[in-house]
Amino acid sequence: MLYGLPKPFRLHLKKDFEAIIRNAYRLQGEGMVIWWRPSSYPGARTRLGIVVSRKLGGAVVRNRVKRLLRESFRLNREKLKPGTDLIVSPRSSEILADVHSAQRALLALCGKAGILHSSDNL
RNA sequence: UACAACAGCCCAGAUAGCCGCUCCCGGCCGUUUUAGGCUUAGGGGGAGGAACUUCCGGACUCCACAAGGCAGUGCGCCGCCCGAAAGGACGGGACGACGGGGCCAUAUCACCCCGUUGGACGGAAAGUGCAACAGAAAACAAACCGCCCGCAAGGGUAAGGGUGAAAAGGUGGGGUAAGAGCCCACCGCGUUUGCGGCAACGCAAACGGCACGGUAAACCCCGCACGGAGCAAGGCCAAGCCGGUCCACACGCUGCCCGCGUUCGUGACCAAGUAGGCCGCUUAGAGUAAUGGCUAUCCCGGCCCGCAAGGGCUGACAGAAUCCGGGGUAUAGGCUGUUAAAAAAC
RNA sequence: UCCGGGAUGGUGUAAUGGUAACACGGAUGCCUCUGGAGCAUUAAUUCUAGGUUCGAGUCCUAGUCCCGGAA
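Residues numbered from 1 in each chain as written. Chains lettered and ligands numbered in written order. Predicted model: local features only at pLDDT ≥ 70, side-chain atom pairs only at ≥ 80, totals over all residues. Heavy atoms only, no water.

Novice: Which parts of the structure should I look at to understand the packing of helix H2 (residues 59-75) against helix H3 (residues 99-113)?
Specialist: Pairs of packed helices are described in terms of their axes, by the angle between the two and the distance that separates them. The N-to-C vectors of H2 and H3 enclose an angle of 60°; their axes lie 9 Å apart at closest approach. Both H2 and H3 take part in a crossing whose hand is right-handed. Two secondary-structure elements touch here, H2 through Leu68, Glu71, Ser72, Phe73 and Leu75 and H3 through Val99, Ala102, Gln103 and Leu106. Residue classes in the contact of H2 with H3 are distributed as six nonpolar, two polar and one charged. (Axes fitted to C-alpha atoms, helices over the stretch in contact; angles between N-to-C directions. Helix = DSSP H or I, 4+ residues; strand = E, 2+ residues; numbered from the N terminus. Left-handed = near helix turned anticlockwise from the far one by under 90°. Contact = heavy atoms within 4.5 Å. Nonpolar A, V, L, I, M, F, W, Y, C, P; charged D, E, K, R; others polar.)

So this is what it looks like as C-alpha cells:
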C-alpha cells in the first residue's frame, strides 16, 4: 500500500508528543513549524503528528488545515526517510489554502531538514 | 418592475471515476487463551439547521436528606390549547408609542373614537430607601417674588412667575379683602352598588370632596416553582509502589513446649487504588479525535469579458463527542407577506 | 466536553444610579544657555447592541472577545 495512512503512521499519545518535542530538531518555514526525530528502534514507521492552535480559527478551519496536512503527508510519505517521527504545526491558514501549496510548503521544509531520500532532493 | 430591511416557510447542489479515513458484520494471519495485525472474499453505516452559543428545562449518574421552616435563585395581566418541564401557538384586556378622525370659532394640551405597533404587564393604601443640578419648596408639605389685610409688627393666600424628568387634581363658573374643592358643573381619582364578561377588565349610577406624586430590571411584600454537583458524572479491571493477614525459616523473651515480639521471603491470600485499559457510548460514535483529496460532466445563483455564440472566476454560516426538548445568535439561494405609498425608470 | 470569572485613556487600577478619578507614560507649551526635574494644558464610543430609569460605567437582556478550572 503506497499511499495509505492508517493508524500506526500517526502519533496519538500525549506522551509521544511531549517526548518528541522535548528533544527534537526544530525548523520554522513559511506558515508552519516542524519538529522531527529519528525513531529510537530500527524498522520503525514514519509517523506524523499535527498540532493546530485555536488561534488559527474555528473548528472548521482547524479541521481543514489538519486534513490538508495529513493529505500532503500521505501523498509524500515514501519520499521521507523511514523511521522518522515528524510533528507539524501550522501557524497561518493562508499558506494552506489548497492541497498543492500545502504539499509544496511541507516538502520544502522537509528538504531543508534533510529527512528526504537523497534521490528526491529538491 | 427592481434594490433594501424585517417576518414566516423551503433548501443546505447532483452523478461518475481514482486515491484515502473511521466504525460495525464477515474473512484471513497470528496467539495456549488474550492482545494484535491485514483487507490478499465481500457487505453495510458515517455532521447540522443551526452540530454554534451554554441561556433555560428534562433524562441519566453520584452525593446529601425524619417532618417542617429560614435563607437564596427564578418566574409573574386573563382565557384556552400543545408539552414531562422549560417553553410555545391562538384569542382577549389594560397601558405606552405612532398615525388618522372627533370635540372646539380656530388651535396646542387634555379627553373620546378608530387603526398600526411594543413588551420580564402581580403589589407603591405593609414597611424602608432614593431623587444629582436647578428651584422658595422634592413629600406628615412649604411662602422666594407676587396678591390681600394691616401704620407697623404680623397675618391670610397655592390663582400668577420662574426651576425641574417630576411641583400636591384639570377646565369653566360662582365665591372672596385676596384666594383656595371653599361651593357647583363636566372630566379625572377613590369607595360602594348594579349590569355585562368564564376571567383580566369594561360600562353605569350613587356617594366621597382630593386624601392616595414617581421609582419594585432599589431593598422588599404577595403567589408559584426549585436539594447539590455534573459523562472530565459514575462504575469495572488493574502493572509498580505502599499496607494487612496467614505460612515457613531464623533470632529474642528462655534450657524445652506453648505463647508473644522482630527480621527476612522467586511463598499464599486480602484490601485500597496510581499509570494504563474497559464500560458508560448510541442505526455517526472517536479518543491528536473519522466524515477528506483530485478529476470530469451537469444544475442553481452571483460577478467579469463579449454584438452574439460562448468563455473565465466564484459560492453562505458553520463541523458531532452522554442523549433529548426549547430560547438566542450566524447564514448563500428560493417562495410568500409587510414596510408600501411615493420618487425614479419604462 | 462540562463548569467558573472578567472587559474603564497607551499601561496598571478607582468610581452609594447623578461632573468618569488616580499613578505611570505620550503630546504641546512655560521655565533653562541646553537637558533633566518642576509647573500648566491635552487626549475615553466605560467591549458591542437593545431595554428599565428624569438620568446607566453601575441595573436587566442578548452578543463579541479574553482568562481560568475539571482527565
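Novice: Whenever I open this one, the pairing of strand S3 (residues 47-50) confuses me. Can you help?
Specialist: Consecutive residues of a regular strand have side chains that alternate between opposite faces of the sheet. Inspection of the sheet shows S3 paired to strand S4 (residues 84-90) by four bridges, in the parallel sense. The residue bridging Gly49 from the neighbouring strand is Ile87, located in S4. Taken together, S3, H2 and S4 constitute a β-α-β crossover, and its handedness is left-handed. (Pairing = 2+ DSSP bridges. Right-handed = clockwise from strand over helix to strand, strands pointing away.)

Novice: Please clarify how H3 should be interpreted in this entry.
Specialist: Because an α-helix packs 3.6 residues into every turn, residues spaced three or four apart end up facing the same way. The terminal C-alpha atoms of H3 lie 21 Å apart, and with 15 residues this matches the ideal 21 Å at 1.5 Å per residue to within 8%. Within H3, the full set of buried residues consists of Ser101, Ala102, Gln103, Ala105, Leu106, Leu107, Leu109, Cys110 and Ala113. In this structure, the buried residues of H3 make contact with strand S1 (25-29), strand S2 (32-38), H2 and S4. Immediately downstream of H3, the backbone of Gly114 shows phi near 75°, a positive value. (Expected span 1.5 Å × (residues − 1). Buried < 20%, exposed > 50% of the residue type's maximum accessible area, 1.4 Å probe, protein only.)

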